[in-house]
Amino acid sequence: MTSSRFENILATFCSPALMGKKVSNLVSVSKEEVPEVSTLVNSYNQKLNRHDIKIKKVCECGERILLLVYREELLRNHLLTSEIREILMNYGYSKSNTTDEDLEILSRKMQKIKFPHEIGVFLGYPLSDVQGFIENKGRNYKYCGYWKVYKDTQEAQKIFSMYDDLKNFMVSELDYGRNLDNIIGQFQNINIA
């Protein structure tokens with residue numbers, strides 16, 4: 001039962017990353033709801049690594065664990081772009097860091113600051129919206145969905161709609177009795193969005 005609950009949480013909050021349409025997603029998991037969350041993370045890393053998907057615990061408090069679910073190659077390539085490296089260097093990351101080193105720095109920062117400004121970079125949000133959020137201290141946005149939009153609301157709404165479609169697809173597949181590994185494997189031959 002707990003395994004199916006964990007899969008439902010991942011499908012509901014991380015389907016864009018699971019389906020390869022986003023570099024990563026964050027999800028907060030209640031230790032009360034899913035008591036074996038750490039064990040499940042290890043188990044699902046073994047299952048999903050063959051799809052280039054990793055799950056990393058980035059923060060833990062008494063009641064919850066914050067997980068980053070990411071496509072390793074997509075995130076690595078994203079973090080290596082010059083614009084992203086420049087922003088990360090402004091927040092204390094090195095130009096030559098590996099993805100694992102960047103994630104360790106982010107994890108240490110999240111133990112002190114709940115959501116450091118650069119988190120949007122790791123989640124693949126448009127740079128204009130990450131910069132808009134920082135400059136406006138989270139206010140004055142044009143639209144709010146999966147993130148606060150400061151620039152292109154029309155494009156963001158298309159992306160948000162695609163993310164909703166992916167979530168609905170994955171959750172309905174789980175409801176039909178399939179598991180994440182099978183859904184992700186089959187998706188490589190299907191084009192949802």
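Before any of the text, the structure's been laid out above.
Described in the following lines is the structure provided in the data block. (Residues numbered from 1 in each chain as written. Predicted model: local features only at pLDDT ≥ 70, side-chain atom pairs only at ≥ 80, totals over all residues. Heavy atoms only, no water.)

**So, the pairing of strand 1 (residues 24–30)**
- Judged by how many residues are buried, strand 1 sits mostly within the fold: six of seven residues are covered.
- Pairing geometry for strand 1 and strand 3 (residues 64–71), over seven bridges, is antiparallel. When the sheet's bridge partners are listed, Leu26 is paired in strand 3 with Leu68. (Buried < 20%, exposed > 50% of the residue type's maximum accessible area, 1.4 Å probe, protein only. Helix = DSSP H or I, 4+ residues; strand = E, 2+ residues; numbered from the N terminus. Pairing = 2+ DSSP bridges.)

**Things to note about helix 7 (residues 127–136)**
- When helix 7 is considered as a whole, its buried residues turn out to be Asp129, Val130 and Gly132. Buried residues along helix 7 cover an arc of 165° about the axis, so they all sit on one side.
- Those residues of helix 7 that are buried lie in contact with helix 6 (119–122) and strand 5 (148–149).
- Phi turns positive, to about 55°, at Lys137, one or two residues after helix 7. (Arc of directions from axis to C-beta. Contact = heavy atoms within 4.5 Å.)

**Details of the packing of aromatic side chains**
- All told, the structure shown has eight aromatic pairs when counted by the stated rule.
- Ring plane angle 50° and centroid distance 5.5 Å describe the contact between Tyr146 and Phe160, whose orientation is recorded as tilted. Of the two residues, Tyr146 sits in the loop between strand 4 (143–144) and strand 5 while Phe160 sits in helix 8 (residues 153–175), which places them 14 residues apart along the sequence.
- Assessed through its relative accessible area of 5%, Phe160 is described here as buried.
- With centroids separated by 5.3 Å and ring planes inclined at 85°, the aromatic side chains of Tyr146 and Tyr163 adopt a geometry described as edge-to-face. One end of the pair, Tyr146, is in the loop between strand 4 and strand 5; the other, Tyr163, is in helix 8, with 17 residues separating them in the sequence.
- We classify Tyr163 as buried; its relative accessible area is 5%. (Phe/Tyr/Trp six-rings, centres within 6.5 Å; stacked < 30°, edge-to-face > 60°.)

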